[in-house]
Amino acid sequence: MGVASDSSTYGVRLLGTGVLHRAVETAVRPLPTDDGRGVDVFVADDRSDQVSAAARRARAAGRAFLPVYPTLRGVRIGPFTVAGRSGCHHCVQVRSYRARVGAAPHRSALWQGLYDGTVTAPAPTFGTPLRTVIAALVADELDRVAQGAAVRCDQAVLEVDTATLAISRHRLIAEPGCALCGDLPDDDPSAGDLRLVSRPKRAPDDYRSRSLHQEYESLTAATVDARIGLFSSVTVHHKDSMIVAEAVGGPVCCDELSGFGRAFTYPVSVSVAIAEALERLGGDTPRARRTSVRGSFAELGADRAIDPATLGVPRTPPDDRSVPYRPDQPLTWVYAYSFRRAAPVLVPETLAYYGSHSTGFGPENSNGCALGANLEEAILHGLFEVAERDAFLATWYARLPAPRIDPMSSASPRTRLLVRWLERTSGCELHAFDITMPEGLPAVWLMLVDDDARPGLPRVRCGAGAHLDPERALWSALVEIASFADATRAMVAADTTAPDLVADSDLVRTMEDHLFAAASPDSWPRFGFLYERREVLSMAAAFPPEGRYQPADDLLADLRHVVGRYLDAGFDVVAVDQTGREQEAVGLTSVKVLVPGLLPMSFGHRNRRVDLPRLRELPVRLGHRSRPLTPAEVNPYPHPFP
């Protein structure tokens, strides 16, 4: 590697060799050094590892860094990196790799071959016009640095197309786990010291601070980019009953990052897909702080930590990667906020992040994860999900005879329209049940039932919803069923495993297995307890208007109301702030909500987490029995969610 200029007069070290290097050398202008700034500009004619090595040296020396090198599509300039700040060349490489891999199913064989190296691209040609453009762009960036002006390559890269000389800018969201600049702080109690503030609402019945579908263009621009985007693409399918969008993000940890949106309009579907992928990214592994606390619950004590047993653990390890819970078992812990204590508290990392590789008692999932415009909104909607899943599982495992509701009695015209459309297109009947738990947060269980038990079609498809407004709870469950009605019908038609899954519950290990087992006609008798009550209530009778919650003008007031219901019932509400750089980049907040004592959603029958006092006592509290359930009386069959 040669050095063309290393003069204190300039403060710029021009590193590298080759045609591009010589072109840039003729255009670089002086950059004063009396303010302590120095820049390493590394220019290469090939995509060698020398760029990465130069980036590491510049960072170690405390110098700014600007790389210039070719890609398959053109010549890339940037990012301009300042020592001590995130967003560097290595971040670009990470994002670029994920974009390549994540986009593979949607790319032609030729382009995929170029990216994975099975097809050899010809050596790039750097003609005079291209060299002139590159030199001018680099010189302009350095002039901006010298003048203290905004640098176009700050948290971004410029790319010049070698064929057309078109210049494009690609935004970079720094990778939190970057090996070069990802210096995450250690987790400490401040992470659980959440400061909740007033959030005036746009309207009393609006439980969101922002309408992301109205921002879908800016949201897409900020996160989707085939070169170095957080998501490499958003694909849209119109063949199903709804518009289905998928945000593709490539490999993260041991899984593929993606998010799905199923809605009736393109903007809503796209924004939901991106939001779901951002939520999943936040819930996968810690991306804002480095886990720093390790010890057993016996060592930490109830004053500092939540007892894992109250969060539900399987009675026996469900797989070879899981361990039985013991109070003296060393665990890794993360800080969260306890509403009961109004203070930080520790929770097991493996229950706070479902992709965590720390000691686990069974596979965790995204139950209670939510994304919002702020902490208050995210926690509220995370709590809605926890309540929904708890109500569904409690009804199933305790076999509670839930009151049946007529969905066509909804006061909402759009709900009645969707019910009629769904029944007509599926040839099934929609059954609704009030599964509200003693805390009083309205919850609804929906089942799309094929009364004719037609061969090859699902006998039952389930959905659920919970919300302060029972009409919203019904709509949420309805949209859930409608969104996957076509997909589940196709999946069930192609499935051959259902007889085995019905015969041996231990074979139910995945979310799809739960679906197949429940959809089998042989499983229909398992739902009989839901129909012990013969009457069918209207929505107004099931949820009398005079007893419904009157929404506040502030999201914080709504949140405190819901939290208060659980605190008054003797529970705690715990929130883990999962917000990382990716969510912050678009002004969103990611959380995981835990309510120790409530039934957590689990997939895989051996992973069920039902050994909780709540399940045994609910039939008594709801007036169905005079004594608690015994373990032998708990429903032995896999739950039918989703």
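Refer to the structure above for everything that follows.
Predicted model only: the values in this text are computed from it and were never measured.

S.K.: I would appreciate a short explanation of the packing of helix H10 (residues 375-397) against helix H16 (residues 555-568) in the present structure.
M.R.: Packed helices, taken two at a time, are described by their axes: the angle between them and the distance between them. Contact geometry of H10 with H16 gives a least axis separation of 9 Å together with a crossing angle of 35 degrees. The chirality of how H10 crosses H16 is left-handed. Residues Glu-376, Glu-377, Ile-379, Leu-380, Leu-383, Phe-384 and Ala-387 of H10 pack against Leu-555, Leu-556, Asp-558, Leu-559, Val-562, Val-563 and Tyr-566 of H16. Tallied by class, the residues present in the contact of H10 with H16 amount to 11 nonpolar, no polar and three charged.

S.K.: Explain the packing of helix H12 (residues 470-494) against helix H14 (residues 511-519) here, please?
M.R.: Viewed as axis vectors pointing N to C, H12 and H14 meet at an angle of 80 degrees, and their least axial separation amounts to 10 Å. With respect to their mutual orientation, H12 and H14 come out roughly perpendicular. On the side of H12, the interface is formed by Thr-488, Met-491 and Val-492, while H14 contributes Glu-512, Leu-515, Phe-516 and Ala-519. Residues belonging to the contact of H12 with H14 are distributed by class as follows: five nonpolar, one polar and one charged.

S.K.: So what exactly am I meant to see when it comes to the sheet that holds strand S10 (residues 255-263) here?
M.R.: For sheets, the rule is that strands pair by backbone hydrogen bonds, running either parallel or antiparallel. The strand order across the open sheet built from three strands is S8-S9-S10, with neighbouring strands paired in antiparallel fashion. Only two strands of the sheet have a single neighbouring strand rather than two, namely strand S8 (233-237) and S10. The average undirected angle you get between the axes of adjacent strands in this sheet is 20 degrees. Bridge count for S8 against strand S9 (residues 243-252) is five bridges, and the pairing is antiparallel. Its bridge partner lying in S9, Val-234 is registered against Ala-247.

S.K.: When you look at the nonpolar core in this model, what are you seeing that I'm missing?
M.R.: Burial of nonpolar side chains together is a common tendency in soluble globular proteins. Core analysis: the biggest nonpolar cluster contains 66 residues, and Ile-379, Trp-445, Met-447, Phe-527, Leu-530, Tyr-566 and Val-595 have the highest contact counts within it. Listing elements by their share of this core, those giving two or more residues are H10, strand S17 (443-449), strand S18 (460-466), H16, strand S21 (589-594) and helix H18 (613-621). Tallying contributions element by element places H10 first for this core, with 14 residues. With residues up to four places along the chain from it excluded, the contact list for Ile-379 reads Leu-194, Leu-196, Phe-339, Leu-559, Ala-575, Val-591 and Val-593. The next biggest cluster of nonpolar side chains, apart from the first, holds 25 residues, and it includes Val-24, Val-75, Val-145 and Val-160.

S.K.: Just to check I follow, could you spell out the pairing of strand S7 (residues 167-171) for this structure?
M.R.: Here strand S6 (residues 156-161) pairs with S7 via five bridges, running antiparallel. By the bridge assignment, Glu-159 is partnered in S7 with Ser-168. Here S6 hands over to S7 after five residues, with Leu-165 in that stretch at a positive phi of 65 degrees.

S.K.: What's the story with unusual backbone geometry in this structure? I'm lost.
M.R.: Trans peptide bonds make up most of the peptide bonds, and negative phi angles are found at most residues other than glycine. Geometrically, the link from Gly-78 to Pro-79 is a cis peptide bond, its omega value of 5 degrees lying close to zero. Relative to the elements of secondary structure, Pro-79 occurs in the loop between strand S5 (74-77) and helix H3 (89-102). With an omega of 10 degrees, the peptide bond running from Phe-641 to Pro-642 counts as cis. The phi torsion at Ala-342 lies on the positive side, around 55 degrees, for a residue other than glycine. Mapped onto the fold, Ala-342 is located in the loop between strand S12 (331-338) and strand S13 (343-348). Since its relative accessible area comes to 53%, Ala-342 is described here as exposed. A positive phi angle, close to 50 degrees, is found at Ala-453, a residue other than glycine. Here Ala-453 is to be found in the loop between S17 and S18.

Criteria and cut-off values
- Residues numbered from 1 in each chain as written.
- Predicted model: local features only at pLDDT ≥ 70, side-chain atom pairs only at ≥ 80, totals over all residues.
- Heavy atoms only, no water.
- Axes fitted to C-alpha atoms, helices over the stretch in contact; angles between N-to-C directions.
- Helix = DSSP H or I, 4+ residues; strand = E, 2+ residues; numbered from the N terminus.
- Left-handed = near helix turned anticlockwise from the far one by under 90°.
- Contact = heavy atoms within 4.5 Å.
- Nonpolar A, V, L, I, M, F, W, Y, C, P; charged D, E, K, R; others polar.
- Parallel < 35°, antiparallel > 145°, perpendicular 65-115°, else oblique.
- Pairing = 2+ DSSP bridges.
- Core = buried A, V, L, I, M, F, W, Y, C linked by side-chain atoms within 4.5 Å.
- Buried < 20%, exposed > 50% of the residue type's maximum accessible area, 1.4 Å probe, protein only.

By themselves, these are just geometric observations and shouldn't be taken as functional.
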